[in-house]
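# Coordinate analysis (summary)
What follows is the residue order along each chain.
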Amino acid sequence: MTEVNRLVEVPDQRNLSVLKDQDIPHQECLWDAFRSGCESSFIRIYEIYVSDLFDYGCKFSDDEELVKDAIQDLFVEIRTNRQKLGKTGSIKFYLFKALRRKVVREKNTLLHKIIPLDQITHFELTFSHEQILINQQIKEEQVKQLNIALKKLTTRQREMVYYYFFEDLSYEQIKEIMGFSSLKATRTLLYRTIDFLKSTLTKK
Amino acid sequence: MKDQVGELLKNKEFVRWVKKPDEHTDRYWQKWLDAHPDKREDFFAAREMVLGIQITRNELPDLEKEKILLEIFRKESQPTDKEKNKQAYTLSPWGNHFAFGAKVAAVFLLGFFLFLGLPQPPFSPKESTKEEAPITTIQKQTLRGQKSKFKLPDGTLVWLNSDSKLEFTSNFSDSLRKVHLIGEAYFDVAKDPERPFQVITGSLSTTALGTAFNINTFHKDRLNVALVHGKVKVENKDTQEKILLSPGQRLQYIKTKQKTLVDEFEGDWVTGWKDGILHFKEAPYLEVIEELERWYGVNIQTTGSPTQSWNLTGRYNNESLKMVLDRMSYVERFEYEINEKKIRIKF
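Residues numbered from 1 in each chain as written. Chains lettered and ligands numbered in written order. Predicted model: local features only at pLDDT ≥ 70, side-chain atom pairs only at ≥ 80, totals over all residues. Heavy atoms only, no water.

So, on to the pairing of strand β20 (residues 342–346) of chain B. All names here are of chain B. Judged by which residues are buried, β20 turns out to be one-sided: Ile 343 and Ile 345 face inward and are buried, whereas Lys 342, Arg 344 and Lys 346, on the alternate face, are not. Relative to β20, strand β19 (residues 335–339) is paired through five bridges, and the arrangement is antiparallel. From the neighbouring strand, Glu 337 faces β20, where its bridge partner is Arg 344. The loop that links β19 with its antiparallel partner β20 comprises two residues; one of these, Glu 340, has a positive phi angle of about 55°. (Buried < 20%, exposed > 50% of the residue type's maximum accessible area, 1.4 Å probe, protein only. Helix = DSSP H or I, 4+ residues; strand = E, 2+ residues; numbered from the N terminus. Pairing = 2+ DSSP bridges.)

Relative to the elements of secondary structure, Ser 51 of chain A occurs in helix α4 (residues 39–58). Ser 51 of chain A gets classed as buried once you look at its relative accessible area, which sits at 14%. Leave out the neighbours within four places in its chain, and Ser 51 of chain A touches Arg 57 and Lys 65 of chain B. (Contact = heavy atoms within 4.5 Å.)

This part takes up the layout of surface pockets. Residue and element names in this part refer to chain B. Roughly 880 Å³ of volume is contained in the second largest pocket. Forming the boundary of the second largest pocket are 33 residues, of which Asn 216, His 219, Arg 250, His 279 and Glu 287 lie nearest the centre. When residues of the lining of the second largest pocket are traced back to their parent elements, those giving at least two are β10 (212–216), β11 (222–229), β14 (249–254), β15 (259–264), β16 (277–283) and α8 (285–296). The leading source of residues in the lining of the second largest pocket is β16, at seven residues. The class makeup of the residues in the lining of the second largest pocket is twelve nonpolar, eight polar and 13 charged. (1 Å grid on protein atoms, 1.4 Å probe; cavity = no way out; pocket = protein on both sides within 12 Å on 5 of 7 lines; lining within 4 Å. Points joined across faces, edges and corners; volume = space filled by probe spheres on them. Nonpolar A, V, L, I, M, F, W, Y, C, P; charged D, E, K, R; others polar.)

Residues and elements named next belong to chain B. With mixed pairing, the three strands of this open sheet are ordered in space as β17-β20-β19. Whereas interior strands pair on both sides, the edge strands pair on one side only; in this sheet they are β17 (299–303) and β19. Across the sheet, the axes of successive neighbouring strands diverge by a mean angle of 15°, strand direction being ignored. In the packing of α8 onto the sheet, contacts are made with β17 and β20, and the angle to β17 comes to roughly 150°. Along the sheet, helix α9 (residues 321–332) makes contact with β19 and β20, crossing β19 at roughly 170°. (Axes fitted to C-alpha atoms, helices over the stretch in contact; angles between N-to-C directions.)

In a regular helix each residue adds 1.5 Å, so 13 residues correspond to 18 Å; helix α3 (residues 23–35) of chain B covers 18 Å between its end C-alpha atoms and thus fits that length. One side-chain oxygen of the residue at the start of α3 of chain B lies 3.0 Å from the amide nitrogen of His 24 of chain B, identifying that residue as Asp 22 of chain B. (Expected span 1.5 Å × (residues − 1). Polar contact = N/O pair within 3.5 Å; in protein donor to acceptor, adjacent residues only side chain to side chain.)

It is worth stressing that arrangement in space is one thing and function is another; only the former is reported here.
Structure follows, in structure tokens:
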């Protein structure tokens, strides 16, 4: 057996727990069926995405009830307006974008003021080995450095790491959801973030 | 040192592979590793990095999920119909739940009837007995990008791949169940020792009792019969050959050479298509393009030509065309553009 195969055989549950969008077969069809009135498709969409949406919503608000209400409103809206909805190649991205807008808007009305988004997100990142490997490359001291580095990231950088490493969003989608001016700007910030994290490995 | 770690982390394909490896990408990255022995340490460090970064997750209990869904259904009915609304409110959440279950069942049933309704022959008068019932020829056809699954009059299950056609009669005869196939189909044959089941494809006739097998006539020059379980006999009119296949064996008939080969196939390489798994095994460019056109019902135009000869091996489990092209274009280095049903590939 090859080395790569042997390594990937170890299941890493935590990383797989987030359902990836590409795992949903025929999602264009599912979306189209829902738009044309199929109730079972609506329920299926709800069941597939509600966990991820809740987790995502909580990244923008401490108030779980507010997040639940926003999810409820979002699904009521798309269900009522299903005929007016457009096509989508990624249901998750569509729902994520809509929920983010809702949660942030809700929160601002509740507090009667507009808080810059940068100050209110909860993308808490840490580093720890998933499993102990033979010939581990990242040593204990570097793990410490990495954790310090992750704490130093700006909230925007952390949000980006979440989309890139956990939600498998494309640059285009990250650009859109975070409101970057260009793909280039998106890439630049992500590259800078990666280079910064990577630099901890070279430190002695 | 460690200069490759950053490069790998910036490579979306690498990250995707670490998070969600499969046969195809495993092979690619194994090759990459073999080609860059000096970058081994970086490679594994980058992999550890992707796996090691953790984020706290907020879980929503199942009960809460149910509750929100019920609220969604309740809320939606409010503004539309006030009368109904009153009733809905007197119902317990469970009553509401049942109502919504009934709706779903109705949708399923409708789909079921539509599906059954289409291939049926015109109504025959109720009083007609079995002997008098007219025997009509039924054709089941799938377009490119479509697949279907249906039952034959004897209970045999058929999965019909894209761009394929199956012809059979509304009543099989007492001695033989005979169907004609163009394209590809998987048969799970209903047991009936009295009446063998026969599939005619060009010069080949494949005969089975209770058994499951796959037949493919997509290649202009090749006919394929693959047996999953049971036993089949393949007879060839052209060569007068008669061959018995065992489970796991595939017969290939090369028409121009009038040559018959029997080899073995593994797992779902031959039959995965019926579960939405698209496979390529050391496939050349043209074969890949033809298969994608058929699978997704699209037209593919190519500008330029592949720099090296293609030998694509890959497994795509229920993936969108975009995902498949993303992964291919990364390995085979091309650009592509999707415009509705028209695809442009640029080398």
